Amino acid sequence: MARNKHPEETVNLILDVALRLFMEKGYEHTSIQDIINQLGGLSKGAIYHHFKSKEDILVAVTDRMTEESNRMLAVIRDRKDITGKEKLKIIFKESILRPVQNDIFTVAPDLSNNPRLIFSIFRETMDEAAPDYIEPIIKQGILDGSIQTDYPAELAELIILAANIWMNPMIFNNSAEEACRKFMVFQQMMQGFGLDIVDNEMLDRLKELAILYEQSK
């Protein structure tokens, strides 16, 4: 068998195809053969050379989905010129303003049909994003006086779960109106913690994405 001279390209192709199929058909209803059929002639051996199972592909898909976001979080977390509260606001703003969000919401995948993918994203959020990025920012905010809480770990989990899971219309299949009401509750909840991190520009952007998703379903 000829040696694969471009293993990274092969891996990226597999992950591109797998993500699209997971979104369209659901993880449980996507087989390895479905992925192979979309790989333009690559064999089953090419997949198993890089991934031991479909679950390994799911893990790699999730890792790639969160990699860019985590790089952004790390840059903001490590800034020395702003307060903890300002960092939280920038994180939220940068996350929703990214152009890639338009592509995601236009595809309009129904994540309720992808419980394994949702759980994988959930674990990534709880095991990495909350403790490695959001909690250190909250602790900095406590030290600089911009955030008041006795429970930084729990607040970090609450913020990221609300933002990434509860407010995600692709998970709960919310209408634009339902999604907007959740956004308003999230804004009020953050204000209750003294965190005015959601401004009108962000709310308008969130409404825009919710409408885009509803129109694309």
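Residues numbered from 1 in each chain as written. Predicted model: local features only at pLDDT ≥ 70, side-chain atom pairs only at ≥ 80, totals over all residues. Heavy atoms only, no water.

Chemist: So what about the overall build of the protein chain? Which residues, and what values?
Modeler: From N to C terminus, the protein chain includes 11 helices and zero strands. The helix and strand sequence of the protein chain, counted from the amino end, reads α-α-α-α-α-α-α-α-α-α-α. When the backbone C-alpha atoms are referred to their principal axes, the protein chain occupies close to 60 × 35 × 25 Å. Expressed as a percentage of the 217 residues in the protein chain, the buried residues total 44%. Of all intrachain contacts in the protein chain linking residues separated by at least 6 positions in sequence, the fraction that spans at least 24 positions is 69%. Working note: accessible area of the protein chain is about 11,700 Å², and carbon and sulfur atoms make up 53% of it. Charge separation in the protein chain, taken as the distance between the mean sites of 25 positive and 34 negative side-chain charges, equals 4 Å. (Helix = DSSP H or I, 4+ residues; strand = E, 2+ residues; numbered from the N terminus. Buried < 20%, exposed > 50% of the residue type's maximum accessible area, 1.4 Å probe, protein only. Contact = heavy atoms within 4.5 Å. Areas by Shrake-Rupley, 256 points an atom, 1.4 Å probe, with all protein chains shown as cover. Lys, Arg positive; Asp, Glu negative; His and termini not counted. Charge placed at Lys NZ, Arg CZ, Asp CG, Glu CD.)

Chemist: Quick one: what's the story with unusual backbone geometry, residue by residue and with numbers?
Modeler: Phi is positive for Asn173, which is not a glycine, with a value near 55°. One can find Asn173 in the loop between α9 (169-172) and α10 (176-192). A residue is classified by how much of its surface remains accessible, and Asn173, at 37% relative accessible area, is partly exposed.

Chemist: Mind laying out the packing of helix α5 (residues 84-97) against helix α7 (residues 115-144), listing which residues take part and the relevant values?
Modeler: Their axes nearest at 7 Å, the elements α5 and α7 cross at an angle of 145°. Here α5 contributes Gly84, Lys87, Leu88 and Ile91 to the contact with α7, which in turn contributes Ile134, Ile137, Ile138, Gln140, Gly141 and Asp144. Class assignment of the residues belonging to the contact of α5 with α7 gives a composition of five nonpolar, three polar and two charged. (Axes fitted to C-alpha atoms, helices over the stretch in contact; angles between N-to-C directions. Nonpolar A, V, L, I, M, F, W, Y, C, P; charged D, E, K, R; others polar.)

Chemist: Give me the lowdown on the side chain of Gln187, citing residues and values where you can.
Modeler: Counting through the fold element by element, Gln187 comes out in helix α10. On the accessibility criterion, Gln187 (11% relative accessible area) is buried. Beyond its immediate chain neighbours, meaning those up to four positions away, Gln187 contacts Val198 and Leu203.

Chemist: Go over the packing of aromatic side chains with me, naming the residues and quoting the values.
Modeler: By the definition in use, this model includes two aromatic pairs. One cation-aromatic arrangement involves Lys182 over Phe172; the distance from NZ or CZ to the ring centre is 4.1 Å. (Phe/Tyr/Trp six-rings, centres within 6.5 Å; stacked < 30°, edge-to-face > 60°. Lys NZ or Arg CZ within 6 Å of the ring centre and 35° of its normal.)

Chemist: So what's going on with the environment of Lys87? Which residues, and what values?
Modeler: In this structure, Lys87 sits in helix α5. Sequence separation between Lys87 and Ile138 is 51 residues, and the spatial gap between their C-alpha atoms is 9.0 Å. Among all residues touching Lys87, those that are not within four sequence positions of it are Ile76, Arg77, Asp78, Arg79, Ile82, Ile137 and Gln140. Within polar-contact distance, the side chain of Lys87 engages the backbone oxygen of Arg79 at 2.7 Å. (Polar contact = N/O pair within 3.5 Å; in protein donor to acceptor, adjacent residues only side chain to side chain.)

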